Amino acid sequence: MTEVSGAVTNPWIAVLMAQTLGVYKLAVDLGVGNFGIVFEAVHESTGSRFAVKVLTPTSDPGALLDFENEGVLLRQLNPCNGVVNFVDGGVHALEVHGPGGIPIPFDMRYHVMSQASGSLDELVLNPEYRSSLSWEERLRLWRSMIKSLMQMHQHGVAHRDLKCSNCLLFVSKNKTSVRFGDLGRARDTTRPMTHSVEEYLVGRGDLRFAPPEAIFWQGGNSKEDFLAADYYGLGSLLVELITGQSMTSLAIGDIRSAVQRGQDDYLQGQRLELSSLTLRYRNVISEVAEQLPKSIRADVIVVLDALCRPEPAERLTQSPYSRDRASRDKLTWILRRADIMIHRLTIEKREQQRRLERASA
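In this text, all values refer to a predicted model and were calculated from it rather than measured experimentally.

> Outline the overall build of the chain, listing residues and values.
Along its length, the chain carries 12 helices and 11 strands. Taking 21 Å as the expected radius of gyration for a compact globule of 361 residues, we find that the chain reaches 22 Å, a close match to that expectation. Principal axes of the C-alpha set define a box for the chain whose edges measure 75 × 65 × 35 Å. Burial status across the chain gives 47% buried among its 361 residues. Considering only residue pairs separated by 6 or more positions, the chain has 65% of its internal contacts joining residues 24 or more positions apart. Per element, the accessible surface of the chain, about 17,900 Å² overall, is 49% carbon and sulfur. Of the charged side chains in the chain, 42 are positive and 43 negative; the average position of the first set lies 8 Å away from that of the second.

> Tell me about the packing of aromatic side chains, residues and numbers included.
Counted by the stated rule, this structure contains six aromatic pairs. Aromatic pair Tyr200 and Phe226: ring centres 5.5 Å apart, planes at 55°, arrangement tilted. Of this pair, Tyr200 sits in the loop between β11 (187-188) and α6 (212-215) while Phe226 sits in helix α7 (residues 223-243), and the two are 26 residues apart along the sequence. The same class applies to Tyr200 and to Phe226, which are both buried.

> I'd love a proper account of the pattern of salt bridges, names of residues and values included.
Tallied over the entire structure, the rule returns 19 salt bridges. A salt bridge links Lys53 to Glu70, with the shortest nitrogen-to-oxygen separation between them at 3.2 Å. Taken together, the residues Lys53 in strand β4 (residues 49-55) and Glu70 in helix α2 (residues 61-76) connect sequence positions 17 residues apart. Residue Lys53 is classed as buried on the basis of its relative accessible area of 3%. With a shortest N-O distance of 3.5 Å, Arg282 and Asp305 are connected by a salt bridge. Here Arg282 is found in helix α10 (residues 278-289), whereas its partner Asp305 is found in helix α11 (residues 294-307), with 23 residues between them in sequence. Through salt bridges with shared partners, one network takes in Lys53, Glu70 and Asp182.

> Talk me through unusual backbone geometry; I want residue IDs and the actual numbers.
You will see that Asp182, though not glycine, has its phi angle at about 55°, which is positive. Following the sequence through the fold, Asp182 ends up in the loop between β10 (175-180) and β11.

> I'd like a rundown of α2, residues and numbers included.
Under the 1.5 Å per step criterion, the end-to-end length of α2 is 23 Å for 16 residues, consistent within 8% with the ideal 22 Å. Turning to α2, its buried residues number three or more, namely Ala63, Asp66, Phe67, Glu70, Gly71, Leu73 and Leu74. Measuring from the backbone nitrogen of Gly62 back to the side-chain oxygen at the start of α2 gives 3.0 Å, which picks out Asp60 as the cap.

> Requested: an account of the layout of surface pockets, with residues and values cited.
Here the second largest pocket is characterised by a volume of approximately 720 Å³. Around the second largest pocket, the lining comprises 41 residues; the ones closest to its centre are Arg160, Tyr200, Val202, Gly203 and Ala214. Counting residues per element, the ones that place at least two in the lining of the second largest pocket are α2, α6, α7 and α9 (255-267). With five residues, the top contributor of residues to the lining of the second largest pocket is α7. Grouping the constituent residues of the lining of the second largest pocket by class yields 17 nonpolar, 10 polar and 14 charged.

The rules behind each value
Residues numbered from 1 in each chain as written. Predicted model: local features only at pLDDT ≥ 70, side-chain atom pairs only at ≥ 80, totals over all residues. Heavy atoms only, no water. Helix = DSSP H or I, 4+ residues; strand = E, 2+ residues; numbered from the N terminus. Rg over C-alpha atoms; globule rule 2.2 N^0.38 Å. Buried < 20%, exposed > 50% of the residue type's maximum accessible area, 1.4 Å probe, protein only. Contact = heavy atoms within 4.5 Å. Areas by Shrake-Rupley, 256 points an atom, 1.4 Å probe, with all protein chains shown as cover. Lys, Arg positive; Asp, Glu negative; His and termini not counted. Charge placed at Lys NZ, Arg CZ, Asp CG, Glu CD. Phe/Tyr/Trp six-rings, centres within 6.5 Å; stacked < 30°, edge-to-face > 60°. Salt bridge = Lys/Arg side-chain N within 4 Å of Asp/Glu carboxyl O. Expected span 1.5 Å × (residues − 1). Polar contact = N/O pair within 3.5 Å; in protein donor to acceptor, adjacent residues only side chain to side chain. 1 Å grid on protein atoms, 1.4 Å probe; cavity = no way out; pocket = protein on both sides within 12 Å on 5 of 7 lines; lining within 4 Å. Points joined across faces, edges and corners; volume = space filled by probe spheres on them. Nonpolar A, V, L, I, M, F, W, Y, C, P; charged D, E, K, R; others polar.

Right, here's the structure in full:
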């Protein structure tokens, strides 16, 4: 079942709080994910703190497959510093007392990961916090996301669920970097797909962050489809940093109605030409760019137009800059544009500081 938005209250939080899974004592509820609960946990021997993701035992078989897949991919991506580190995992037998005090055994599956300082949505969803971030700081965070996604793709993995709530913040030596978490929908693009294309027609989870093909029942299950979804997600992350909202929310509007239209079209053997949404997307991109300093508006428009084209096959087909067309990684020119924009903002900041110093002299 798809979910458009809204938090979920999970009764397992109260059951699991203060329980010990393996050698990890669950201490603080950090939130409910797509198919489980994330806790801050303490290692009983060392006292070190970790994030522990627990699959609720009442989850459907599909969620179990996604959970196991996430564990496999986290191990595979452990060499990447752009993905949350996988530390441990397993299955813990836990007895839960039901009505009348009758003990009911459950197998609790869990992943143990490095603990982040927070998630990016905690900053961007709060207008005050978001406005306190300079444009240079926002672009540096986005640059970190570009590097993280490049690493994932180089290891053959597509994330497929990029949004600020899945971007974890790690602080080291006063420098903040972004690592991706929540890989439940991620896919190893080097391996054959195990599900039919029908399984990928429409997105799952919070569809405010899904690309238009997943909204209008036109999703696919090829490597190219997954990479195109990640390109869109990367552009939407930049829009979130600028506005606090996703690209899909701004461009599509009423997500439920759009999903219903996609379903009706699919059942009738029809399909919306996604390219018909191009003007709507370009208008949104122009409006988003108006919020930025003039020195980087043109570059942001070019970048977002390339990443967030409604027709997935048209995303990042070729860099508009001739110097980048020989790059093997399609995201290389996006990274270079981010560096250029950061450099411009840095120069402007220095010049402004010099003017202020001269004025006060």
